Amino acid sequence: MAEAKKLGGAGLRGQVAGETALCTVGKSGAGLTYRGYDIADLAEKAQFEEIAYLLLRGKLPNRQELDGYKKKLQSLRGLPAALKTVLEQIPKDAHPMDVMRTGCSMLGNLETEQDFSEQDDKIDRMLAVFPSIITYWYRFAHDGVRIETDSDVDSIGGHFLELLHGKKPSELHEKVMNVSLILYAEHEFNASTFTARVCASTLSDIHSCVTGAIGTLRGPLHGGANEAAMELIQRFSTPDEAEEGLMGMLERKEKIMGFGHAIYKESDPRNAIIKQWSKKLADEVGDTVLYPVSVRCEGVMWREKKLFCNADFFHASAYHFMGIPTELFTPIFVMSRVSGWTAHVKEQRANNRIIRPSADYTGPADAKWVPIEERP
Ligand SMILES: CC(=O)SCCNC(=O)CCNC(=O)[C@H](O)C(C)(C)COP(=O)(O)OP(=O)(O)OC[C@H]1O[C@@H](n2cnc3c(N)ncnc32)[C@H](O)[C@@H]1OP(=O)(O)O
Ligand SMILES: O=C([O-])CC(=O)C(=O)O
């Protein structure tokens, strides 16, 4: 019998665990591509809905297809009454990622995927309704209002901002949300996407795949890092203070959230893009603290540890400048990454074998059964 392959290291790092036509991460010459398109091009020129279409349908839509797709998504923003009732039961101090997880799971009870032929419609529904789920709960729990979840704004990012703030977003804010959703949409076999694929490989339903992925994204080593980065930069009121604080943390061997990456080794191509938008927003709000503090953190981490900002670090200040509460940062990641997760689920289903790796056993050998009365 063939020997199981020995792992090169912990965390399955460097192991090829399958194939994908969706994305490359960290390949030389092009840091991040979605179906062959460079992320810098996409972030500059595309709409997030266009990217979702690209990932989910396999090609960039033409004008008519994009208009039709956006119209469809806009028509799917309403929350079923039973889902509103569930959201209203969730306490104010719940973590919004738990709200997303419950919201997605409840949707799966109400609008169950009966057959894989329904997958595209179920996916479009999640893309459209996730901003409604989080903002409905947030505004109900925090302000005691039951908001309307429809809006005239035709973009997913703009829809989220309008529901959150109760007014149409500025052009700049809608643009930054669009860029942010594009940057977060897809990232190959990251932990949450791999979770979705493992779930899909058992032939489970699409809501289970996404619910599992949300739970995985929640952790501070993954999507939760943007919130942790915000908590970090808010501790400091000057760049010098930030430098002193970071040096202390590094000496104590603490992890600095928003830095480093499992795949990229020198830079995350998304950082330069979101950093530039964070600067624009800082100028707009007249910030003289958070942006300079963030820039100093970036410099110190590179100088001391050769660690670079990942996609999360400058997202923290950018979201903050748009008036988004810190605890909603990771749910925004969900609104975006659901496009990548579900594209992977479709890919897994199209060429499936149950994902079931092996383990190196490290426990005792030949243990002898001891009756309960005789155990120490
Ligand atoms: C959207 C995303 O999910 S991006 C990732 C978001 N996560 C974060 O920002 C959390 C902070 N970063 C980290 O914890 C890590 O860099 C991860 C989880 C992203 C990647 O983990 P790994 O692949 O295990 O990192 P890697 O092997 O490159 O680590 C090398 C060394 O750098 C250290 N290191 C890596 N990142 C950091 C950091 N942010 N702060 C301090 N030290 C770090 C590691 O502890 C390790 O040190 P050691 O060899 O002494 O143990
Ligand atoms: O790829 C990873 O390990 C983490 C991730 O999802 C990202 O950086 O967007």
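Residues numbered from 1 in each chain as written. Chains lettered and ligands numbered in written order. Predicted model: local features only at pLDDT ≥ 70, side-chain atom pairs only at ≥ 80, totals over all residues. Heavy atoms only, no water.

1. So, the domain arrangement of the protein
So the rule is basically this: Domain start and end points were adopted from an automatic or database domain assignment. A contact between two residues is defined here by any heavy atoms of the two lying within 4.5 Å. Values labelled buried area give the accessible surface lost by two parts on being combined, using a 1.4 Å probe and summing over both.
As assigned here, the protein comprises domain 1 (23-219 + 326-350) and domain 2 (225-322). Averaged C-alpha coordinates put domain 1 and domain 2 at centres separated by 25 Å. Contact residues are listed per partner, giving 29 residues for domain 1 and 23 residues for domain 2. Buried surface at the junction of domain 1 and domain 2, both sides included, amounts to about 2,200 Å², of which 69% is carbon and sulfur. Of all residues in domain 1, the largest losses of buried area upon contact with domain 2 belong to Leu183, Tyr184 and Phe329, amounting jointly to 28% of the total for that side.

2. Comments concerning the site of ligand 1
So the rule is basically this: Working definition: residue near molecule or strand if any one of its non-hydrogen atoms lies within 4 Å of it. The definition of a polar contact used here is a pair of N or O atoms within 3.5 Å, where within protein one atom must be able to donate a hydrogen and the other to accept one, and adjacent residues in sequence count solely through side-chain atom pairs. When residue character is reported, Ala, Val, Leu, Ile, Met, Phe, Trp, Tyr, Cys and Pro are called nonpolar, Asp, Glu, Lys and Arg charged, and the others, Gly included, polar.
Taken together, 19 residues lie near ligand 1, and Leu221, His222, Ile256, Gly258 and Asn310 sit nearest. The separation between an oxygen atom of ligand 1 and a polar side-chain atom of His222 is 2.8 Å. A class-by-class count of the residues in the shell around ligand 1 yields 9 nonpolar, 5 polar and 5 charged.

3. Quick word on the site of ligand 2
Which entries qualify depends on this criterion: The method behind every accessible area is Shrake-Rupley, applied with a 1.4 Å probe, and residues are considered shielded solely by the protein chains displayed.
Taken together, His187, Asn190, His222, His261, Arg270 and Arg337 make up all the residues around ligand 2. His187 has a polar side-chain atom sitting 2.7 Å from an oxygen atom of ligand 2. The side chain of Arg270 places a nitrogen or oxygen atom 2.7 Å from an oxygen atom of ligand 2. For ligand 2, the protein covers 84% of the area, taking 270 Å² as the surface of the free molecule.

4. What about the state of the cysteines?
Such a bond, covalent and formed between the sulfur atoms of two cysteines, is termed a disulfide. To keep things clear, this is the line we draw: The disulfide criterion used throughout: a pair of cysteine sulfur atoms within 2.5 Å. Only protein chains enter the accessibility calculation, which uses a 1.4 Å probe; a residue is then buried when its area is under 20% of its type maximum, exposed when over 50%, and partly exposed in between.
Counted under the stated rule, the structure contains 0 disulfides. Here Cys199 is not cross-linked by a disulfide; its sulfur's nearest cysteine counterpart is in Cys209, at 3.8 Å. Taking relative accessible area as the criterion, Cys209 reaches 0% and is therefore assigned buried.

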